[in-house]
Amino acid sequence: MYIIKVKGKAKIPDYIQLRDDKFVLIAYFRADRPLQKLEKFGLEGKEKELTEVIKSLPFGKLQKLEF
């Protein structure tokens, strides 16, 4: 799974994209609001780790999401 942080402009907030190994978009959510239903993506119990990754993630850099 891959993660990328997209910079918002003006009134549009920053967003996070989660993509699978084939780079297909599987989740799209606001960076300031945690994703609900993490179990759907196999990330249950990793809310704190995901929040830390989102905070430290640079804008526009696709990174492999590994815990």
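In case you missed it, the structure is sitting above this.
Sequence order as written defines residue numbering, which begins from 1 separately in each chain. Reporting in this predicted model follows two pLDDT cut-offs: at least 70 for local features of residues, and 80 or more for side-chain atom pairs to be given and counted; totals over whole chains, interfaces and linings ignore these cut-offs and use all residues. Calculated side-chain values reflect all of the structure's heavy atoms, with hydrogen atoms and water omitted.

1. So, the pairing of strand 2 (residues 15-19)
For two strands to count as paired, DSSP must find a minimum of two bridges between them. Only DSSP runs of H or I with at least four residues qualify as helices, and only runs of E with at least two residues qualify as strands; both kinds are numbered from the N terminus onward. Note: strand 1 (residues 2-6) against strand 2, 5 bridges, orientation antiparallel. What sits directly across from Tyr-2, in strand 2, is Arg-19. In the sheet, strand 2 pairs with strand 3 (residues 25-30) via 5 bridges, with the strands oriented antiparallel. What sits directly across from Tyr-15, in strand 3, is Arg-30. Adjacent in sequence and paired antiparallel, strand 2 and strand 3 are bridged by 5 residues, among which Phe-23 carries a positive phi angle near 65°.

2. Notes on the side chain of Lys-5
One can find Lys-5 in strand 1. Buried and without a salt bridge, Lys-5 has Asp-14 as its closest oppositely charged side chain, separated by 5.6 Å. Of note is the side chain of Lys-5, whose polar atom sits 3.0 Å from the backbone oxygen of Ile-54. At 3.4 Å, the side chain of Lys-5 and the backbone oxygen of Leu-57 are in polar contact. Here, two residues are considered to be in contact whenever any of their heavy atoms come within 4.5 Å of each other. Not counting residues up to four positions away in its chain, the partners in contact with Lys-5 are Tyr-15, Ile-16, Ile-54, Lys-55, Leu-57, Pro-58, Phe-59 and Gly-60. Accessibility here uses a 1.4 Å probe with only protein chains present; expressed as a share of the type maximum, an area under 20% marks a residue as buried, one over 50% as exposed, and anything in between as partly exposed. Just so you know, the count uses Lys and Arg for positive and Asp and Glu for negative, and it drops His and the chain ends. Salt bridges, as used here, are contacts in which a Lys or Arg side-chain nitrogen is within 4 Å of a carboxyl oxygen on Asp or Glu. Any pair of N or O atoms that falls within 3.5 Å is considered a polar contact. Within protein, one atom must be able to donate a hydrogen and the other to accept it, and sequence-neighbouring residues count only if both atoms are side-chain atoms.

3. Some remarks on the nonpolar core
Soluble globular proteins tend to bury their nonpolar side chains together. Core analysis: the largest hydrophobic core is formed by 13 residues, its most contacted members being Ile-3, Leu-18, Phe-29, Leu-35, Leu-43 and Leu-50. Mapped onto this core, the elements with two or more residues apiece are strand 2, strand 3 and helix 1 (47-56). Not counting the four nearest positions on each side in its chain, Leu-18 is found in contact with Met-1, Tyr-2, Ile-3, Val-24, Leu-25, Ile-26, Ala-27, Phe-29, Leu-35, Leu-43 and Leu-65. Residues grouped as a nonpolar core are buried Ala, Val, Leu, Ile, Met, Phe, Trp, Tyr and Cys residues, joined through side-chain atoms within 4.5 Å.

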